[in-house]
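Coordinate analysis (summary)
Letter by letter, the chains look like this.
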Amino acid sequence: MKTPLTSFAGLDLLTSAVIVLDAEGSILFANASAENLLDSSFKSLTNLKLTDLFLNGEELIEVFHQAVAHQFADKRQDLTLERAGREALHVHSIVTALDNPDTPVLIELRENVQQLKLDREERMLDQSKANKELIRNLAHEIKNPLGGIRGAAQLLELELPERHLRELREYTQVIIKEADRLQTLVDRLLAPHRLPHIVGDVNIHEVCERVRSLIVAEFPQGLTIKRDYDLSIPEFRGDKEQLIQTVLNIAHNAAQALHERIRQGDAVLTFKSRVVRQITLAKVRYRLALDLHIIDNGPGIPPEIRNRIFYPLVSGKEGGSGLGLTLAQTFVEQHLGVIECESRPGYTDFRILIPLP
């Protein structure tokens with residue numbers, strides 16, 4: 001009799017995760033896709049039982065026992081399988097009863113990508129609402145005393161003695177200018193919560209080129225900016241200045257994260273535009289959408305903040321305000337779109353999706 005490994009070796013060609021079990025629920029075989037999905041090696045998995053894989057696997061285990069008893073040929077269901085210290089898996093499971101007493105059950109797990117996407121977008125929407133409320137409150141708290149500080153500095157300047165006016169006026173002007181700078185920041189914090197106010201036809205490549213020129217001016221050496229544009233993308237209605245600020249915030253963060261590679265001379269920032277069809281954004285189905293990627297080859301986002309990068313005041317760099325990505329997310333949402341991020345060492349990809357006409 002062939003060993004399970006030899007009998008089921010062909011299953012390694014499948015993109016869905018497949019595990020084969022004996023009548024006791026011990027794992028005899030797991031294909032390469034199962035290793036990837038379960039974040040475990042073949043050797044580790046074959047030392048486990050089905051009961052060891054998931055924290056809430058009762059439903060799957062019950063179906064397994066039914067398969068061992070040959071109560072059905074195969075059974076399909078959607079499951080959310082929780083794992084200790086890792087993200088839950090949203091999968092479509094197919095449990096098949098085999099005509100072999102040594103390998104009576106085969107379980108196939110297909111990751112439910114659409115459910116994952118919907119859950120992620122729902123979390124981002126909830127997070128964005130909390131962000132807006134926090135920013136609004138913070139901005140109002142800063143704005144209230146600013147007028148008093150500026151007014152006091154102006155009054156103080158009027159009371160300065162004539163003979164010392166030139167020397168001392170320098171200090172009052174510092175107070176006034178810094179108050180004005182903070183006022184601009186507060187206005188910037190409050191402005192995103194209003195709807196786009198300069199609406200016109202937007203060419204996304206003009207937006208990218210404007211940002212590119214700003215980045216090149218600040219980082220003239222050691223940084224290569226690549227452009228991979230789909231020039232067939234149509235113009236759409238939107239606020240061009242908001243979108244420039246969105247792309248600039250992301251690209252500038254990327255350029256700053258690339259400082260070590262810039263020093264070495266091999267830093268790369270890529271603007272890539274595509275069109276996607278029949279896509280759901282924030283639970284609404286659209287025929288066409290802009291798919292804009294801002295990709296860098298930097299060190300990646302630190303794991304400890306990777307799930308919180310769109311929160312206000314969360315920054316991966318020293319001295320950062322932690323507002324750039326929060327504002328970018330708000331601007332994209334006001335264009336009925338979503339912003340996503342994938343990051344690992346050597347590769348970070350911010351993806352902006354906006355409906356097209």
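The structure reproduced in this document is the subject of the present report. (Residues numbered from 1 in each chain as written. Predicted model: local features only at pLDDT ≥ 70, side-chain atom pairs only at ≥ 80, totals over all residues. Heavy atoms only, no water.)

**Description of unusual backbone geometry**
Even without being glycine, aspartate 39 reaches a positive phi, approximately 55 degrees. Tracing the backbone through its elements, the reader meets aspartate 39 in the loop between helix H2 (32–38) and helix H3 (42–45). Positive phi, close to 55 degrees, is recorded for histidine 70, a residue that is not glycine. In this structure, histidine 70 sits in the loop between helix H5 (58–68) and strand S3 (74–83). (Helix = DSSP H or I, 4+ residues; strand = E, 2+ residues; numbered from the N terminus.)

**So, the pattern of salt bridges**
Applying the stated criterion to the full structure yields 13 salt bridges. When the shortest N-O distance is used, the salt bridge between glutamate 206 and lysine 240 registers 3.3 Å. Of the two residues, glutamate 206 is situated in helix H8 (residues 204–218) and lysine 240 in helix H9 (residues 240–257); the sequence distance between them amounts to 34 residues. Here aspartate 266 and arginine 261 are joined by a salt bridge, their closest N and O atoms 2.9 Å apart. Residue aspartate 266 is classed as partly exposed on the basis of its relative accessible area of 34%. The structure contains a network of salt bridges with shared partners spanning Asp291, Glu340 and Arg351. (Salt bridge = Lys/Arg side-chain N within 4 Å of Asp/Glu carboxyl O. Buried < 20%, exposed > 50% of the residue type's maximum accessible area, 1.4 Å probe, protein only.)

**Looking at the environment of phenylalanine 42**
Among the structural elements, phenylalanine 42 can be located in helix H3. According to the relative accessible area criterion, phenylalanine 42 is partly exposed, its value standing at 25%.

**Structural notes on H9**
End to end, H9 covers 26 Å across 18 residues, agreeing with the expected 26 Å (1.5 Å per residue, within 8%). Among all positions of H9, only Gln242, Leu243, Ile244, Thr246, Val247, Leu248, Asn249, Ile250, Ala251, Ala254 and Ala255 are buried. Structurally, the start of H9 carries an N-cap: the backbone nitrogen of glutamate 241 is 3.1 Å from a side-chain oxygen of aspartate 239. (Expected span 1.5 Å × (residues − 1). Polar contact = N/O pair within 3.5 Å; in protein donor to acceptor, adjacent residues only side chain to side chain.)

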